[in-house]
Amino acid sequence: MNVSVITELDRLDATSWPPESTAETNSSSHLRAIEFELALGTEDLRANGFTACIETAAKASDFTPLFNIPAVPGHDWQRLAAVGAVDNGKPVFVFVALNDAGDRIEIQPDMSGAPHILAFAEAYFQLMLCQSSVSEAIAD
């Protein structure tokens with residue numbers, strides 16, 4: 001069974017952060033998010049599980065897994081994961097939820113109603129970038 005990817009990417013800025021970026025960056029960011037969605041759509045949720053699906057799709061589309069957290073009250077999903085990438089010097093985030101039944105992965109196109117989660121993703125992403133920069137500097 002392949003992952004059922006439900007997306008509502010109606011707005012080009014839905015997956016890019018910060019939201020005040022230009023239309024050209026939005027279009028490019030939108031394409032990066034679609035790359036991840038397509039990679040995720042080939043994953044088998046039932047056979048591999050949520051975490052493995054996110055990690056494999058992220059690796060295939062050059063995104064970095066950021067977090068995979070349990071749901072907070074008031075949402076109709078049981079887990080939320082985020083992946084990030086850099087596109088034209090700006091971070092691009094895609095948020096992915098595992099539904100309550102545990103049988104479908106859904107892209108969350110608009111997290112503007114949860115600014116704390118956006119801030120959490122941005123902080124985690126910056127931490128990952130700093131960590132890789134330090135690792136590269138040590139290797140040199």
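Residues numbered from 1 in each chain as written. Predicted model: local features only at pLDDT ≥ 70, side-chain atom pairs only at ≥ 80, totals over all residues. Heavy atoms only, no water.

**Re the overall build of the chain**
Stated precisely, the cut-off is as follows: Numbering of helices and strands runs from the N terminus; a helix is a DSSP stretch of H or I covering at least four residues, while a strand is a stretch of E covering at least two. When accessible area is computed with a 1.4 Å probe and restricted to protein chains, residues below 20% of their type maximum are described as buried, those above 50% as exposed, and intermediate ones as partly exposed. Note on definitions: a residue-residue contact is assigned when non-hydrogen atoms from the two residues lie within 4.5 Å.
Counting its regular elements, the chain contains four helices and four strands. Reading the helices (α) and strands (β) of the chain from amino to carboxyl end gives α-α-α-β-β-β-β-α. Considering the chain as a whole, with its 140 residues, one finds that 39% of them fall into the buried category. Once local pairs closer than 6 in sequence are excluded, the contacts in the chain between residues at least 24 apart make up 53%.

**A look at the confidence of the model for the chain**
Counted only if it meets this: Per-residue confidence from the predictor is reported as pLDDT, a score between 0 and 100.
Averaged over the chain, the pLDDT score is 79; the fraction of residues at 70 or greater is 74%. Looking at the elements of the chain, mean pLDDT is at its lowest for helix H4 (residues 115-139), recorded as 75, and at its highest for helix H3 (residues 50-60), recorded as 97. Note that pLDDT drops below 50 for residues 1-25; the model gives that stretch 61 contacts with residues more than four away or on any other chain.

**A short note on the nonpolar core**
In globular proteins that are soluble, nonpolar side chains generally tend to be buried together. Inclusion rule: For our purposes a nonpolar core is just a set of buried Ala, Val, Leu, Ile, Met, Phe, Trp, Tyr and Cys residues, chained together by side-chain atoms within 4.5 Å.
Counting residues in hydrophobic clusters, the biggest one holds 20 residues, and the most contacted among them are Phe 36, Leu 40 and Val 96. It is H3 that contributes the most residues to this core, five residues altogether. Setting aside anything within four residues of it in sequence, one finds Val 96 in contact with Phe 36, Leu 40, Phe 50, Ile 54, Arg 79, Leu 80, Ala 81, Ile 105, Glu 106 and Ile 107. Membership of the second largest hydrophobic core comes to 14 residues, among which are Phe 93, Ala 97, Leu 118 and Phe 125.

**Observations regarding the sheet that holds strand E4 (residues 105-108)**
Selection rule: A pair of strands counts as paired when DSSP detects no fewer than two bridges linking them. Only C-alpha atoms enter the line fits that serve as axes; for helices the fit covers just the stretch in contact. Angles between N-to-C directions range over 0 to 180 degrees.
With respect to topology, four strands assemble into an open sheet ordered E1-E2-E3-E4, the strand pairing being antiparallel. Strand pairing shows two members of the sheet lacking a second neighbour, strand E1 (64-70) and E4, which therefore form its edges. Taken pair by pair, the neighbouring strands of this sheet meet at an average axis angle of 25 degrees, ignoring direction. One ladder, built from ten bridges, connects strand E2 (residues 77-87) with strand E3 (residues 90-99); its direction is antiparallel.

**Details of unusual backbone geometry**
In this structure, Asp 62 is a non-glycine residue whose phi angle is positive, near 65 degrees. The residue Asp 62 is located in the loop between H3 and E1 in this model.

**Focus: the pattern of salt bridges**
Formally: Any carboxyl oxygen of Asp or Glu within 4 Å of a side-chain nitrogen of Lys or Arg constitutes a salt bridge here.
Inspection of every chain in the model, using the stated rule, returns two salt bridges. Residue Glu 35 is joined to Arg 32 by a salt bridge in which the shortest nitrogen-to-oxygen separation is 3.9 Å. With Glu 35 and Arg 32 both in helix H1 (residues 23-41) and three residues apart, the pair spans about one turn of that helix. Put simply, Glu 106 and Arg 104 hold a salt bridge, and the shortest N to O gap is 2.6 Å. Overall, Glu 106 belongs to the buried group, its relative accessible area being 14%. Its relative accessible area of 28% is what places Arg 104 among the partly exposed residues.

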